[in-house]
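Listed below, chain by chain, are the residues.
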Amino acid sequence: MNSLHAGIGMTSARTRGRMIERLRTQGIQDEVVLAAMSSVPRHVFIDEALSSRAYDDVSLPIGHGQTISQPYIVARMTEILRNGKQLGRVLEVGTGCGYQAAVLAQVAKEVYSVERIQPLYLRAKKQLFDLKLRNVNVRYADGTSGLSDGAPFEGIIMACAAPALSDALKEQLAVGGRMVLPIGTQEQYLYLIERTEAGFRETRLDAVKFVPLLSGKT
Ligand code: SAH
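Throughout what follows, the structure given in this document is the object of discussion. (Residues numbered from 1 in each chain as written. Predicted model: local features only at pLDDT ≥ 70, side-chain atom pairs only at ≥ 80, totals over all residues. Heavy atoms only, no water.)

Any empty space left between atoms is shown by rolling a water-sized probe over those atoms. A volume near 590 Å³ is recorded for the largest pocket. Along the wall of the largest pocket there are 39 residues; nearest its centre are Thr67, Ala159, Cys160, Phe210 and Val211. When contributions to the lining of the largest pocket are tallied by element, the ones reaching two or more residues are strand E2 (66-68), helix H3 (71-82), strand E3 (87-93), helix H4 (99-107), strand E4 (108-115) and strand E9 (199-208). Here the lining of the largest pocket takes four residues from H3, the largest share from any one element. Along the walls of the second largest pocket sit Val44, Phe45, Ile46, Asp47, Pro61, Ile62, Cys97, Arg123, Ala124, Lys126, Gln127 and Asp130, which together make up its complete lining. (1 Å grid on protein atoms, 1.4 Å probe; cavity = no way out; pocket = protein on both sides within 12 Å on 5 of 7 lines; lining within 4 Å. Points joined across faces, edges and corners; volume = space filled by probe spheres on them. Helix = DSSP H or I, 4+ residues; strand = E, 2+ residues; numbered from the N terminus.)

Quick look at the structure:
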């Protein structure tokens, strides 16, 4: 961490505290999620020119037309995924800057995260390495169909919206596992998919706005 970031870090501990209080008022109750978000420095994932806004409840540009999700969405998706329990192996589709992966690394034993844009993949990989998060495995790949060599996953999070739920991805969910993802194009909703012995249960949750899931690598 360079001295500039270390300097911002001093203020960030306080700023992060305010972010946690705001998340509580927004309805996030899982103390494990709140602790995870309080321990991950969000500003280091964001361009220095924007780091003063790192803890605001907004999504911010991370380059290549992509955005880091607002803290509330990261907290909400992680809370739904966890469902009050420690997670084993999880998959994130859409690493972006790596922030969500860093949060997941605090609440899951093992995190696989897939990104299709090479410069974002490289930057996230370095950032997660610098933060010594050794339980995160970042891959440069098209995650439309998940990541077959890591499956099955106890949890799957998608950081980009597909027009419809893919069967291939559903099949990578372990029995007893949960998947949280945005579905839709113009109008998008967050969905929770639970896999039980009997099959899949889908629940529609909040209206959301995510960047689209795109195919191929770039
Ligand atoms: N969780 C991220 C959010 C990044 S935005 C963060 O914390 O910053 C969503 C990301 O999904 C973008 O980086 C985009 O490139 C990626 N994405 C879109 N389609 C994808 C696909 N098919 N496979 C892998 N990543 C994809």
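So, on to the sheet that holds E3. The mixed open sheet is built from seven strands, whose spatial order is E5-E4-E3-E6-E7-E8-E9. Sheet topology places strand E5 (136-140) and E9 at the edges, where each strand pairs with a single neighbour. Sheet twist, expressed as the average angle between the axes of neighbouring strands with direction ignored, equals 15 degrees. Note that E3 and strand E6 (residues 153-158) share four bridges and pair parallel. By the bridge assignment for E6, Val93 is matched with Met158. Along the sheet, H3 makes contact with E3, E6, strand E7 (173-184), strand E8 (188-196) and E9, crossing E7 at roughly 150 degrees. (Pairing = 2+ DSSP bridges. Axes fitted to C-alpha atoms, helices over the stretch in contact; angles between N-to-C directions. Contact = heavy atoms within 4.5 Å.)

Summed over all chains, the structure comprises one cavity of 30 Å³ or more. Taken as a whole, the largest cavity encloses approximately 30 Å³ of empty space. If you go around the largest cavity, the residues you meet are Thr144, Met158, Ala162, Ala164, Leu165, Ser166, Leu169, Leu181 and Leu213.

Now for the site of the ligand. In the region of the ligand, 26 residues are neighbours, and Glu92, Glu115, Asp142, Gly143 and Leu214 sit closest. Contact distances for the ligand include 2.9 Å between a nitrogen atom and a side-chain N or O atom of Glu92. Compared with its free state, where it exposes 580 Å², the ligand has 99% of that area covered by protein. Broken down by element, the residue count for the shell around the ligand peaks at three residues, all from E2. Residues of the shell around the ligand, tallied by class, amount to 14 nonpolar, eight polar and four charged. (Near = heavy atom within 4 Å. Polar contact = N/O pair within 3.5 Å; in protein donor to acceptor, adjacent residues only side chain to side chain. Areas by Shrake-Rupley, 256 points an atom, 1.4 Å probe, with all protein chains shown as cover. Nonpolar A, V, L, I, M, F, W, Y, C, P; charged D, E, K, R; others polar.)

What follows deals with H4. Summarising burial for H4: eight of the nine residues are buried, a large majority. Along H4, the positions that sit buried rather than exposed are Tyr99, Gln100, Ala101, Ala102, Val103, Leu104, Ala105 and Val107. (Buried < 20%, exposed > 50% of the residue type's maximum accessible area, 1.4 Å probe, protein only.)

Right, let's get into the packing of helix H2 (residues 31-39) against H3. Where H2 contacts H3, the axes come no closer than 9 Å and their chain directions differ by 140 degrees. When the interaxial angle is binned, H2 and H3 end up oblique. Like other packed secondary-structure pairs, H2 and H3 cross with a definite hand, here right-handed. Contact residues: H2 offers Val32, Val33 and Met37, while H3 offers Pro71, Val74, Ala75, Thr78, Glu79 and Arg82. Looking at the contact of H2 with H3 residue by residue, the class counts come to six nonpolar, one polar and two charged. (Parallel < 35°, antiparallel > 145°, perpendicular 65-115°, else oblique. Left-handed = near helix turned anticlockwise from the far one by under 90°.)

Note that every value here comes from positions in space, so none of it alone points to a role or purpose.
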